[in-house]
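# Chains, contacts and geometry: an overview
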Amino acid sequence: MSETKIISLNSKELADISQVGGKGYSLIKLSSLNLNVPPGIVLTVGFFEDWIKKIKNSDLYKEFILQLSQNNNECQIILNKIKDWSLNNLVLSSSDKQDIEDNLKKLFPDDYNKILYAVRSSSPEEDLAGASFAGNYETYLGTQFDLLEEFILKSFISCIDYRVFKYKLEKGFTASDIKIAIVIMKQVNCDVSGVGFSINPLNNDYDEAVITSNFGLGESVVGGIITPDEYIVNKISKKVITEKLGSKDKIVKLNEDNGTSILEQNSENQKKSSLSKEQIIQIVDKIIVIENSYNVPIDIEFGIENDILYILQARPITTYNKLPEEFLTKPNEQRQLYFDVTVGVQGFEEPMTTFGSDVFKLVIHTLAKLIPGIENIDNLKESAFDGIGGKLLLNLSNVMTKFEIETITNYTSNINSLINETLLNHGNEYKNKTECKALKINKLYIIRKVPIIRIIFAKYFAKSSKSNFENQMSRFITESEEYIQKNIDSNVPIFTIFEHLFNNLVTYFRSYAIPVLAYGIFFGYMKLKNLFEPYLKDNNELRQDFNNLIKCFPFVTILMGLDTYKLSTYLDKNQYKNKTQDEFYQDFLDKKFPKEFYNEFETFMKKYGFRGEGEIDIVNKRYSENPKTIINQVFSALLEYDESNNPQKDFDDTNTNRPEIFRKLYKFASKKGFASEFEKAYFFTVNFFQYRESHKYYIVFVIGSVRKLILKRAEVLLQRNLIDDIDDIFKLKIKSLDHILENVDVITKEKVGNKIQEDNKCREIVTTWKRQPIMFDSRGRIFSHERKEASKKNQLIGDSVSYGKVRGKAKVLKTVNEKVFNPGEILVTKATDPGWTPLIINCGGIILEVGGMLQHGALVSREFNKPCVVGIENITNIIKDGEEIEVDAIEGIITLLDREE
């Protein structure tokens, strides 16, 4: 056999990973870094050519290929038969054995046949970024020289294991391909061993190393046999941040003859740290060297024998949030704290499109420029906000240099409670030392442009401010529709069109919306909340009365939900109670509904046709393009409600009863000494809080209306084969699309593709994230809620935002139309936007992973008397579709009724 089919681990040249496998490649690379790697050899993929040919020529393998092509479930049985066949039919040739012996003799001339070896599989697909086969292939420790052939074969056939086959399918590898290399290295008789991570896998912090260890061999740690010691170390300062001793009740030791045994750990070792401070720092130093060489976060396996540290393995970490350069700060720089609006407010499971975040970047830029006079707000590092990679990020480190933490948390408590929790616990360490000059507010500009007098003399100007807002915003809609229509086929750049419309919108808002929003939110709702909040926690009756006082206002999303229900009143329930949702939709398409329905539906589309699920991202279809979402909810409303029980009746009854609730609460306020303040706040809430979502309505109107124009103009790119799909245009930035359209006669598909790749680069990185965090920093650290402990195992605790209690079957959804939603089911999702409103009116209760009192789902749930609990992390994975649950939105407790207490 050719000598090249066996490669030494201390080879001066890096072998190809396709020949030595991931583990072999890693060990050779580690050895080249002058790290202490146990001596050994790699039997390459080529070494096993004869065995692989024999397997592929067998009848069993041919049967396996047939079953694989038919996606048959019998594959596991056949693979086990192939493994049994291999054990009985595959042997090393005499030349193979001699080659192994000669190579080991070179490394250990005096005792090659006396020492113990570790036999470790090394797959060409293993330990690659994006794929880790850890735990699927077999390793055999403490192997005598005379038994090497037996354990080489056992290690080899692990590449035929069903676990490996399944993992290959999941990762997109060719499942039928048989490839493996095998490492034979000197067995280290470890006094202590373990695993180290160059990044904290729990919080994604780039500057924290995590080490887990136990006495003896590392199998007790990597195999999960015991709870190991755990050390978290700051890689920059080399300080041990936390040290947590595990139970370590078992230890894995080498047998004298062959293999290993699991033994009871002595009580002294159970109680003491398995690593000294000096050893911890030594391991961290090696982790840093390896990470710098790999240029990605890594994990290692290590062992210590007679105070000598050995590196036994290193591989890239495949499950971490890689930050784009635009988000990062250097290790020694002040970290920046980011809040992601797309997750923390909108609850998006995936980032927005590049085009969508670019549009919102322009929105925020225009708002900041035309209201507080901030010229450069849209720069993540230098200012407060940016739309990058499909993320809408707020840099709180800069914001804290302009506003006190308490001021920020007073406002953000209604948006997302994690902001408050993070700022109160960590705000001071993230606050930048120097003031953010880009956030300088132009007070003179505000005085000149914003109707301050109307805000100061609110009661006097209340009536005229209300009529001014409604009249002028109606005028904005008309003017915008005319402008867009005029420019559908013009040469005016899309960026200029957006700029014109947003400039107009913000100018109208500055003059007419700011007064009514100030009245409704600050003088009204927030004042009410501050007055009553100290008394609500321990008084359920007062809490319920307060909740009834501040719900069922005519928010635009609430009116949309009521209008959805209104559509159902034109139909006969008896005609459809035995039909499916799809049959109902087909009747709609076939014009089988009454004429009055279609007239009302046309009115509905004029008001809401530009809206839809995920509406702030321009890529998402609108109701006017895909009415099925609305028709599905009309169907649910038709089956759920009747004249005596429906959302319109609840809405009307609540508004009828509001004065009575006010009088009751007024008596309470009088006793507490704030009756006059309460009466004034109540006036502003009742008359103006309804406009709270108006700004979003008009922004979405612009986005939805310009979407039509963009799609019309971009048709030429499809016609000329410059893009493969119309949605490819949303991978571009706005100005890039303008440039392509202006040069459509000369530009090539290759150049368009290059521009898409360039513009979409940041988003491509962000879409690889396994977690979409609400709060994170510029060194990767992810912040999570401190989990509240429930009294029972089957309970979860969150925050109540709409009071009540309900039991029912859970329906876990990522998107509105993902599954059929049955009336009365409990909606479980990450967060909602106005596109979910028609569905919410038909649910029994709501559980949201993110959100606060003023998040869309919370607001709508209160309006329609739906118990709602928010702020339970990972809830969409914890609760299973169809299981019976109870939503106690009085105490904020979710009970999983089918599970043990």
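Throughout what follows, the structure given in this document is the object of discussion. Predicted model, so just to flag it, every value in this text is computed and none were measured. (Residues numbered from 1 in each chain as written. Predicted model: local features only at pLDDT ≥ 70, side-chain atom pairs only at ≥ 80, totals over all residues. Heavy atoms only, no water.)

## Thoughts on the environment of lysine 381
Definition in use: Each helix is a run of H or I in the DSSP string that is no shorter than four residues. Each strand is a run of E no shorter than two, and both are numbered from the N terminus. Buried means the residue's accessible area, taken with a 1.4 Å probe over protein chains only, is under 20% of the maximum for its type, while exposed means over 50%, and partly exposed covers the values in between. Residues are treated as being in contact if the distance between any of their heavy atoms lies within 4.5 Å. Counted as a polar contact is a pair of N or O atoms within 3.5 Å, where, for protein atoms, one must be capable of donating a hydrogen and the other of accepting one, and residues adjacent in sequence contribute only when both atoms are in side chains.
With respect to the secondary-structure elements, lysine 381 resides in the loop between helix H12 (354–370) and strand S15 (385–388). By relative accessible area, lysine 381 is classed as partly exposed at 31%. When the C-alpha atoms of lysine 381 and phenylalanine 348 are compared, they prove to be 23 Å apart, with 33 residues separating the residues in sequence. Each residue touching lysine 381, except ones within four places of it in the same chain, is listed here: Glu325, Glu326, Phe327, Leu328, Thr329, Tyr338, Asn395 and Asn398. Looking at lysine 381, its side chain comes within polar contact range of the main-chain oxygen of leucine 328, at 2.6 Å.

## Some points on the pattern of salt bridges
The test is simple: Take a side-chain nitrogen of Lys or Arg and a carboxyl oxygen of Asp or Glu: if they are within 4 Å of each other, that pair is a salt bridge.
Scanning the model with the defined rule gives 48 salt bridges in all. The closest approach of N and O atoms between lysine 402 and glutamate 435, which form a salt bridge, is 2.5 Å. With lysine 402 in the loop between helix H13 (396–399) and helix H14 (405–412) and glutamate 435 in the loop between helix H15 (417–430) and helix H16 (443–449), this residue pair connects regions lying 33 residues apart in the sequence. For lysine 402, a relative accessible area of 27% translates into the label partly exposed. Note on glutamate 435: relative accessible area 49%, which makes it partly exposed. In this structure, aspartate 759 engages lysine 755 in a salt bridge whose closest nitrogen and oxygen atoms are separated by 3.8 Å.

## Points about the packing of aromatic side chains
As a reminder, the rule being used: Between 30 and 60 degrees the pair is tilted, below 30 it is stacked and above 60 it is edge-to-face, where a pair is any two Phe, Tyr or Trp rings, Trp via its six-membered ring, whose centres lie within 6.5 Å. Comment: the charge-over-ring label is applied if NZ (Lys) or CZ (Arg) is within 6 Å of the ring centre and within 35 degrees of the ring normal.
As enumerated under the stated definition, the model contains 64 aromatic pairs in all. A ring pair is formed by phenylalanine 684 and phenylalanine 688, whose centres lie 6.3 Å apart and whose planes are at 40°; its orientation type is tilted. With phenylalanine 684 and phenylalanine 688 both in helix H27 (residues 675–688) and four residues apart, this pair spans about one turn of that helix. Note on accessibility: phenylalanine 684 and phenylalanine 688 belong to one class, buried. A connected cluster of aromatic rings, assembled from ring pairs, spans Tyr576, Phe584, Tyr585, Phe588, Phe593, Phe597, Tyr598, Phe601, Phe604, Tyr608 and Phe635. When the ring centre of phenylalanine 688 is taken as reference, the NZ or CZ atom of lysine 466 above it lies at 5.3 Å.

## Re the packing of helix H24 (residues 595–608) against helix H25 (residues 628–640)
Applicable threshold: For helices, the axis comes from a line fit to the C-alpha atoms of the stretch in contact; other axes are also lines fit to C-alpha atoms, and the angle between any two N-to-C directions lies between 0 and 180 degrees. Angle categories are assigned with fixed cut-offs, so that under 35 degrees is roughly parallel, over 145 is roughly antiparallel, 65 to 115 is roughly perpendicular, and the rest are oblique. Here is the rule for handedness: rotate from the far helix to the near one, and if that takes an anticlockwise turn smaller than a right angle the crossing is left-handed, while a clockwise turn gives right-handed. Amino acid classes used here: Ala, Val, Leu, Ile, Met, Phe, Trp, Tyr, Cys and Pro are nonpolar; Asp, Glu, Lys and Arg are charged; the rest, including Gly, are polar.
Direction vectors running N to C along H24 and H25 enclose 130°, while the axes themselves pass 13 Å from each other. Accordingly, the angle class assigned to the pair H24 and H25 is oblique. Relative to H25, H24 is oriented so that their crossing is right-handed. Together, Phe597, Phe601 and Phe604 of H24 and Ile630, Ile631 and Val634 of H25 make up the contact between the two elements. When grouped by side-chain class, the residues that make up the contact of H24 with H25 number six nonpolar, no polar and no charged.

## Description of the side chain of glutamine 795
Tracing the sequence through the fold places glutamine 795 in strand S19 (residues 795–797). Taking the relative accessible area as the measure of exposure, glutamine 795 reaches 14% and is therefore buried. A distance of 3.4 Å separates polar atoms of two side chains, one belonging to glutamine 795 and the other to threonine 895. Not counting chain neighbours up to four residues away, the residues in contact with glutamine 795 comprise Ala790, Ile893, Ile894 and Thr895.

## So, the packing of helix H26 (residues 647–672) against H27
Where H26 meets H27, the closest approach of the two axes is 9 Å, and the angle between their N-to-C directions is 155°. Viewed along their axes, H26 and H27 adopt a mutual orientation that is roughly antiparallel. Of the two elements, H26 crosses H27, and the hand of that crossing is right-handed. Contacts from Arg658, Pro659, Phe662, Leu665, Tyr666, Ala669 and Ser670 of H26 reach H27 at Ala675, Phe678, Glu679, Tyr682 and Val686. Of the residues assigned to the contact of H26 with H27, the class counts are nine nonpolar, one polar and two charged.

## Re unusual backbone geometry
Excluding glycine, most residues fall at negative phi; most peptide bonds, likewise, are trans. A positive phi angle, close to 45°, is found at lysine 248, a residue other than glycine. Secondary-structure assignment places lysine 248 in the loop between strand S9 (240–244) and strand S10 (250–254).

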